[in-house]
Amino acid sequence: FLGGPWVDKLEKSFCSYFSRNYAVSMNSATSALYAAVYALGIQQSDEVIVTPYTMSASATAVLACSAVPVFVDVDVNNYCLDADKIEAAITKRTKAIIVVHLFGNPAEMDKIMRLAKKYRLSLIEDCAQSPGAKYQERFTGCFGDVGVFSLNRHKTIQTGEGGVAVTDCRDIAFRLRLIRNHA
């Protein structure tokens, strides 16, 4: 359930570097995104706001649990979710936002966090292309409920394949481990 000594070392390193309480490694960042959506309790017919300008896993993670991805366009200055367009897409069925920090560029997290708090939305950060990137002196992946990082062979941190989800919530970490272990 907890992995071996190398898994433990990797997860502790992520916790230390990103100052998060928990890190859960997976076979890929795609799996970590899927696990994050499930761990946050997203269900059939719920809506999740996501950018259309990303790798397909950001949206298919939402589809995997029969929820509905709601696409909001990108900010032309950073290619991330346009924080000024999110509120218009929020409905009573909206349960979460998936922010993708693309090309090492962080999204405007202050605005996004205000909206998530105002509407009580969960927040997943897809940081596959932004490990080490900062927004106002804080690492991407450290704003929302779950931050997801990729360890694929062509990413900044490479292990051949793999992903890591970080969180400060014990219950979310437990659910992530359950999903990693037996889906």
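Look up: the structure comes first, before these words.
Residues numbered from 1 in each chain as written. Predicted model: local features only at pLDDT ≥ 70, side-chain atom pairs only at ≥ 80, totals over all residues. Heavy atoms only, no water.

A.B. asks: Would you mind showing me how to read unusual backbone geometry here?
C.D. replies: A positive phi angle, near 75°, is found at Ser45, a position not held by glycine. You can see Ser45 is positioned in the loop between α2 (29-39) and β2 (47-50). Overall, the relative accessible area of 36% leaves Ser45 in the partly exposed class. For Arg120, which is not glycine, the phi dihedral falls at a positive 55°. Of note, Arg120 is situated in the loop between α5 (109-118) and β5 (122-126). (Helix = DSSP H or I, 4+ residues; strand = E, 2+ residues; numbered from the N terminus. Buried < 20%, exposed > 50% of the residue type's maximum accessible area, 1.4 Å probe, protein only.)

A.B. asks: Mind showing me how you'd approach the side chain of Arg20 here?
C.D. replies: By secondary structure assignment, the location of Arg20 is in the loop between α1 (5-18) and β1 (22-26). Of the polar contacts made by the side chain of Arg20, one reaches the backbone oxygen of Gly141; its length is 2.7 Å. For Arg20, the contacting residues outside a window of four places in its chain are Cys15, Gly141, Cys142, Phe143, Gly144, Asp145, Val166, Thr167 and Asp168. (Polar contact = N/O pair within 3.5 Å; in protein donor to acceptor, adjacent residues only side chain to side chain. Contact = heavy atoms within 4.5 Å.)

A.B. asks: Explanation requested: the sheet that holds β2 in the structure shown.
C.D. replies: Sheet strands associate in pairs through backbone hydrogen bonding, adopting either a parallel or an antiparallel arrangement. The strand order across the open sheet formed by seven strands is β1-β9-β8-β5-β4-β2-β3, and the pairing between neighbours is mixed. For this open sheet the edge positions go to β1 and β3 (68-71), each flanked by a neighbour on one side alone. Put simply, the sheet's adjacent strands are angled 20° from each other on average, direction ignored. By the bridge criterion, five bridges tie strand β4 (residues 94-100) to β5 in an arrangement that is parallel. The residue of β5 that forms the bridge with Ile97 is Leu123. Along the sheet, α5 makes contact with β4 and β5, crossing β5 at roughly 150°. Sitting on the sheet, helix α6 (residues 170-182) touches β1, β8 (146-150) and β9 (163-167), and the angle it makes with β1 is about 15°. (Pairing = 2+ DSSP bridges. Axes fitted to C-alpha atoms, helices over the stretch in contact; angles between N-to-C directions.)

A.B. asks: In this structure, what is going on with the environment of Ser58? I would like to understand it.
C.D. replies: Mapped onto the elements, Ser58 comes out in helix α3 (residues 57-64). It is 21 Å that separates the C-alpha atoms of Ser58 and Asn181, two residues lying 123 residues apart in sequence. Among all residues touching Ser58, those that are not within four sequence positions of it are Leu33, Val50, Ile98, Val100 and Asp126. Only 2.9 Å separates the side chain of Ser58 from the side chain of Asp126, close enough to count as a polar contact.

A.B. asks: Help me understand the nonpolar core in this model?
C.D. replies: When a protein is soluble and globular, its nonpolar side chains tend to lie buried together. If you look at the biggest cluster of nonpolar residues, it comprises 29 residues, and the most contacted ones within it are Val37, Ile42, Ile98, Ile124, Val146, Val148 and Leu176. With near-sequence residues (within four places) excluded, Ile124 lies in contact with Leu33, Ala36, Val37, Leu40, Ile97, Ile98, Val99, Val146 and Val148. Residues Leu81, Ala83, Ile97 and Tyr135 belong to the second largest nonpolar core, which totals 20 residues. (Core = buried A, V, L, I, M, F, W, Y, C linked by side-chain atoms within 4.5 Å.)

A.B. asks: Teacher, can you tell me more about the packing of α2 against α3 here?
C.D. replies: Each pair of packed helices can be summarised by the angle the axes make with each other and by the distance between the axes. It is the contact of α2 with α3, at a shortest axis distance of 9 Å, that shows an interaxial angle of 40°. As far as their axial angle goes, α3 and α2 are oblique. Pair α2 / α3 crosses with right-handed handedness. Contact with α2, carried on its side by Thr30, Leu33, Tyr34, Val37 and Tyr38, involves Ala57, Ser58, Thr60, Ala61, Val62 and Ala64 of α3 and no other residues of that element. Its residues assigned to classes, the contact of α2 with α3 comprises eight nonpolar, three polar and no charged. (Parallel < 35°, antiparallel > 145°, perpendicular 65-115°, else oblique. Left-handed = near helix turned anticlockwise from the far one by under 90°. Nonpolar A, V, L, I, M, F, W, Y, C, P; charged D, E, K, R; others polar.)

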